[in-house]
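# What the coordinates show
Residues per chain are reported as follows:
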Amino acid sequence: MKTFLKYFERLSYILSQGAHVCDVAVVNPLEPCVYNRNRGNVSVGVAHNIVKRLVTQAQTDVDFIDADSIAAAKVENGRLLAADEMYKTVILPDMIAVR
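Within each chain, residue numbers correspond to sequence positions counted from 1 in written order. Only residues with pLDDT of 70 or above have their local features reported here, since the model is predicted, and side-chain atom pairs are shown and tallied only from 80 upward, although totals for entire chains, interfaces and linings are computed over all residues. To get the side-chain values, take all heavy atoms of the structure and skip hydrogens and water.

Bringing the pairing of strand 1 (residues 24-27) into the picture now. The alternating pattern of strand 1 places Val24 and Val26 and Ala25 and Val27 on opposite faces, both of which are buried. We call two strands paired when DSSP finds no fewer than two bridges between them. Labels follow the DSSP assignment, with helices taken as runs of H or I lasting at least four residues and strands as runs of E lasting at least two, numbered in each case from the N terminus. Note that strand 1 and strand 2 (residues 62-65) share four bridges and pair parallel. By the bridge assignment, Val24 is partnered in strand 2 with Val62. Where strand 1 lies against strand 6 (residues 89-91), three bridges are found, and the strand directions are parallel. Bridge pairing in strand 6 places Val24 opposite Thr89. Under the scheme applied here, a residue whose accessible area is under 20% of the maximum for its type counts as buried, over 50% as exposed, and between as partly exposed, the area being computed with a 1.4 Å probe on protein chains only.

Here you go:
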């Protein structure tokens, strides 16, 4: 058991080094849920399917981003800078309302 725990201690250390890099952000469809609950749930399903396909088929890391983060973000060199992250691609799922 001690060897097992030592292994995960080392693995945890290795994975905590460096900086998180994610090129794709998917807008979290919260506003459609406020506007119309049923149609909003469809938007949430679409967003989750997009993320599922990107992660499983394209092996791409994906972050969800909300409207407030986008409002506070800026664009530099063709990338969206939001908080400490930098995105090449921002995906807006099928949404009937945006803020």
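Still to come is the rest of the account.
Confidence of the predictor in every single residue is expressed as pLDDT, which spans 0 to 100. Scored by pLDDT, the chain comes out at a mean of 84, with 91% of its residues at no less than 70. Within the chain, the lowest mean pLDDT, 64, falls on helix 2 (residues 31-35), and the highest, 95, falls on strand 3 (residues 74-76).

Now for the sheet that holds strand 3. Ordered by their spatial adjacency, three strands build an open sheet running 3-4-5, and the pairing between neighbours is antiparallel. Looking at which strands have only one partner, the edges of the open sheet turn out to be strand 3 and strand 5 (85-87). Sheet twist, expressed as the average angle between the axes of neighbouring strands with direction ignored, equals 35 degrees. In the sheet, strand 3 pairs with strand 4 (residues 79-82) via three bridges, with the strands oriented antiparallel. Bridging across to strand 4, Lys74 finds its partner in Leu81. In this analysis an axis means a line fitted to C-alpha atoms, helices contributing only their contacting stretch, and an angle means the value between N-to-C directions, from 0 to 180 degrees.

Quick look at the pattern of salt bridges now. What makes a salt bridge here is a side-chain nitrogen of Lys or Arg within 4 Å of a carboxyl oxygen of Asp or Glu, nothing more. Per the counting criterion, the structure on display carries three salt bridges. Glu9 serves as the salt-bridge partner of Lys6, at 3.7 Å between the closest nitrogen and oxygen. Taken together, the residues Lys6 and Glu9, both in helix 1 (residues 2-15) and three residues apart, mark about one turn of the helix. Relative accessible area serves as the criterion here: at 49%, Glu9 is assigned to the partly exposed category.

Within the secondary structure, Tyr87 is located in strand 5. The class of Tyr87 is buried, set by a relative accessible area of 4%. Between the alpha carbons of Tyr87 and Leu15 there is a distance of 21 Å; along the sequence they are 72 residues apart. Contacts of Tyr87, omitting those with residues within four sequence positions, involve Cys22, Asp23, Val24, Ala25, Asp63, Ile65, Arg79, Leu80 and Ala82. Throughout this description, a polar contact denotes any pair of N or O atoms lying within 3.5 Å of each other; where both atoms belong to protein, one of them has to be capable of donating a hydrogen while the other can accept it, and for residues adjacent in sequence the pair is counted only when both atoms sit in side chains. Side chain to side chain, Tyr87 and Asp63 meet in a polar contact 3.0 Å long. Any pair of residues with heavy atoms lying within 4.5 Å of one another is described as a contacting pair.

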